[in-house]
Amino acid sequence: MAAAAMDCHQAVTNGGHHKDGDAAEWKQVAELRAVTEAQDPACKDEDDYMLRRFLRARDHNIGKASAMLLKYLKWKPTAKPHGSISEEEVAHELSQGKLCLQGHDRQGRPMIYGFGARHRPSNRDMDEFKRFVVYVLDATVARLPPGQEKFAAVADLKGWGYSNCDIRAYLAALEIMQSYYPERLGRVFLVHVPYVFMAAWKIVYPFIDDNTKKKFVFVSDKELDSTLREAIDDAQLPEMYGGKLKLACEM
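Residues take numbers from 1 onward in each chain, read along the sequence in its written order. Note on the predicted model: pLDDT of at least 70 is required for a residue's local features to be given, and 80 or more for side-chain atom pairs to be given and counted; whole-chain, interface and lining totals, by contrast, use all residues. No hydrogens and no water enter the side-chain calculation; it runs on all heavy atoms of the structure.

In the annotation of an unreviewed UniProt entry, the entry for the protein chain reads CRAL-TRIO domain-containing protein, and the organism field reads Urochloa decumbens.

Rendered as structure tokens:
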């Protein structure tokens, strides 16, 4: 293990050419790699930035970060047996236009626009839904510009009602994002939120980790325009919010 730690340290300080972050944190990344690789050699395939996200997600506790990373390494080949999710595997979910991956915010974070009223538990298969969440997250990560590790989202709940309420799906999506894509979410703006949604939110909220809770922002209709324009440039803001971007998933 000591040799592995030395190899990791060299990769971080030499081959990795890491400039961002401090040396102490990258040293912890090397320690995390050594601990994890000793239990699962598949860790060799993950880059240092991936390990750093897991480390940060567990407040730099190497034991907890390693447990989280090992869980991810076990999940990955079962969730993505072919290395990625194809469009064909999530065709039904894609056909509903419930999520749109377009544009960036002012920080260069790729945007996801979700439309809660287009999702119905009566019209979804849970296994396909989980694949869809992975598909969307991977597609969003692929759009990240150099130096950016996070994405942002707008969850539009206009027209959301009891027929759209799907606690099982919300918790499944949350579990995938928090456990297997840590430190990827930058911010979520919840807009056009109907009062009835708050009952569902109260059920889901305890399952959101403390760091992630701060990233959910409820936006009142009165503050919608100013909030979104402050976060997103006019050219990148969808037409439905007064901008110039035409969303491909508009229905």
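J.: I would appreciate a short explanation of the pairing of strand β4 (residues 185–191) in the present structure.
T.: Each regular strand carries side chains that alternate between the two faces of the sheet. For the exposure calls, accessible area comes from a 1.4 Å probe over protein chains only, and a residue counts as buried if that area is under 20% of its type's maximum, exposed if over 50%, partly exposed in between. Each helix is a run of DSSP H or I of at least 4 residues and each strand a run of E of at least 2, with the numbering of both proceeding from the N terminus. Burial within β4 is extensive, with six of its seven residues counted as buried. If DSSP finds at least two bridges between two strands, the strands pair. Judged from the six bridges that link them, strand β3 (residues 151–156) and β4 form a sheet pairing that is parallel. The residue bridging Phe151 from the neighbouring strand is Leu185, located in β4. By the criterion used throughout, a crossover qualifies as right-handed when its path from the first strand across the helix to the second strand runs clockwise, the strands pointing away from the viewer. Each parallel crossover has a hand, and for β3 linked through helix α7 (residues 167–180) to β4 it is right-handed. Across three bridges, the pairing between β4 and strand β5 (residues 216–218) is parallel. Pairing of Phe189 across the sheet is with Val217, part of β5.

J.: Which parts of the structure should I look at to understand α7?
T.: Quick reminder: α-helices carry 3.6 residues per turn. Residues three or four places apart thus point the same way. Given a rise of 1.5 Å per residue, 14 residues ought to cover 20 Å, and the 20 Å separating the end C-alpha atoms of α7 matches this to within 8%. Those residues of α7 that fall on the buried side of the exposure criterion are Ile167, Ala169, Ala172, Leu174, Ile176, Met177, Gln178, Ser179 and Tyr180. Here, expected helix span is obtained from the residue count minus one, scaled by 1.5 Å.

J.: Help me understand the packing of α7 against helix α8 (residues 197–204) in this model?
T.: Note on geometry: axes are C-alpha line fits, over the in-contact stretch for helices, and angles between N-to-C directions span 0 to 180 degrees. Here α7 crosses α8 at 45 degrees, and the two axes come no closer than 10 Å. Considering the angle they form, α7 stands oblique to α8. Classified by chirality, the crossing of α8 by α7 is right-handed. Side by side, α7 and α8 meet where Ile167, Tyr170, Leu171 and Leu174 of the first sit next to Ala200, Ile203 and Val204 of the second. In the contact of α7 with α8, the residues fall into seven nonpolar, no polar and no charged. Angles are sorted into four bins: roughly parallel if under 35 degrees, roughly antiparallel if over 145, roughly perpendicular if 65 to 115, and oblique for all others. It is the rotation of the near helix from the far one that decides the hand of a crossing: anticlockwise by less than a right angle makes it left-handed, clockwise makes it right-handed. Contact criterion: two residues are considered in contact whenever any of their non-hydrogen atoms come within 4.5 Å of each other. When residue character is reported, Ala, Val, Leu, Ile, Met, Phe, Trp, Tyr, Cys and Pro are called nonpolar, Asp, Glu, Lys and Arg charged, and the others, Gly included, polar.

J.: When you look at the pairing of strand β1 (residues 99–104) in this model, what are you seeing that I'm missing?
T.: Relative to strand β2 (residues 110–115), β1 is paired through four bridges, and the arrangement is antiparallel. Looking at the pairing, Cys100 lines up with Tyr113 of β2. Between β1 and β2, which pair antiparallel in sequence order, lie five residues; one of them, Gly108, sits at a positive phi of approximately 85 degrees.

J.: What exactly am I supposed to notice about the pattern of salt bridges here?
T.: For side chains bearing opposite charge, pairing can occur when the charged atoms are close. We define a salt bridge as a contact between a side-chain nitrogen of Lys or Arg and a carboxyl oxygen of Asp or Glu at a distance within 4 Å. Tallied over the full model, the rule gives 19 salt bridges. Of the charged contacts, one joins Glu46 and Lys76 as a salt bridge, the two residues approaching to 2.8 Å between their closest N and O atoms. Placement of Glu46 in the loop between α2 (23–39) and α3 (48–57) and of Lys76 in helix α4 (residues 62–79) is noted, with a sequence separation of 30 residues between them. A relative accessible area of 7% places Glu46 in the buried class. The exposure class of Lys76 is partly exposed, given its relative accessible area of 28%. When the shortest N-O distance is used, the salt bridge between Arg229 and Asp225 registers 2.9 Å. Residue Arg229 and its partner Asp225 are both found in helix α10 (residues 221–231); the two are separated by four residues, about one turn of the helix. Overall, the relative accessible area of 29% leaves Arg229 in the partly exposed class.

J.: So what exactly am I meant to see when it comes to the sheet that holds β3 here?
T.: Neighbouring strands of a sheet are bound in pairs by backbone hydrogen bonds; such pairs are parallel or else antiparallel. One open sheet holds the five strands; their spatial order is β1-β2-β3-β4-β5, and the pairing between them is mixed. Looking along the sheet, the strands with just one partner apiece sit at the ends: β1 and β5. Along the sheet, successive strands turn relative to each other by an average axial angle of 20 degrees, direction set aside. Along the sheet, helix α6 (residues 126–142) contacts β1, β2 and β3; its crossing angle with β1, the most-contacted strand, is approximately 10 degrees.

J.: Would you mind going over the confidence of the model for the protein chain with me for this structure?
T.: As a general rule, the predicted coordinates of low-pLDDT regions are not to be interpreted in detail. Known as pLDDT, the predictor's confidence for each residue is given on a scale from 0 to 100. Across the protein chain, the average pLDDT comes to 92, with 91% of residues at 70 or higher. Long-range and interchain partners of residues 1–18, a stretch whose pLDDT sits below 50, account for 18 contacts in this model, where long-range means more than four residues apart.

J.: Please explain the UniProt feature "domain: CRAL-TRIO" (unreviewed entry) in the protein chain as it appears in this structure.
T.: What UniProt calls "domain: CRAL-TRIO" (unreviewed entry) maps, in this numbering, to residues 87–249. Taken end to end, residues 87–249 is 36% helix and 17% strand, and its two terminal C-alpha atoms sit 15 Å from one another. UniProt positions are given in the numbering used here, feature names are shortened, and annotations may be inferred rather than shown by experiment.

J.: Is there a simple way to explain the side chain of Arg184 in this structure?
T.: Locating Arg184 in the fold gives a position in the loop between α7 and β4. Charge assignment in this entry is limited to Lys and Arg as positive and Asp and Glu as negative, and neither His nor the chain termini are counted. The side chain of Arg184 is buried and forms no salt bridge, while Glu149, the nearest opposite charge, is found at 4.7 Å. If we ignore the near neighbours within four places in the chain, the residues touching Arg184 are Arg53, Val141, Leu144, Glu149, Lys150 and Phe151.

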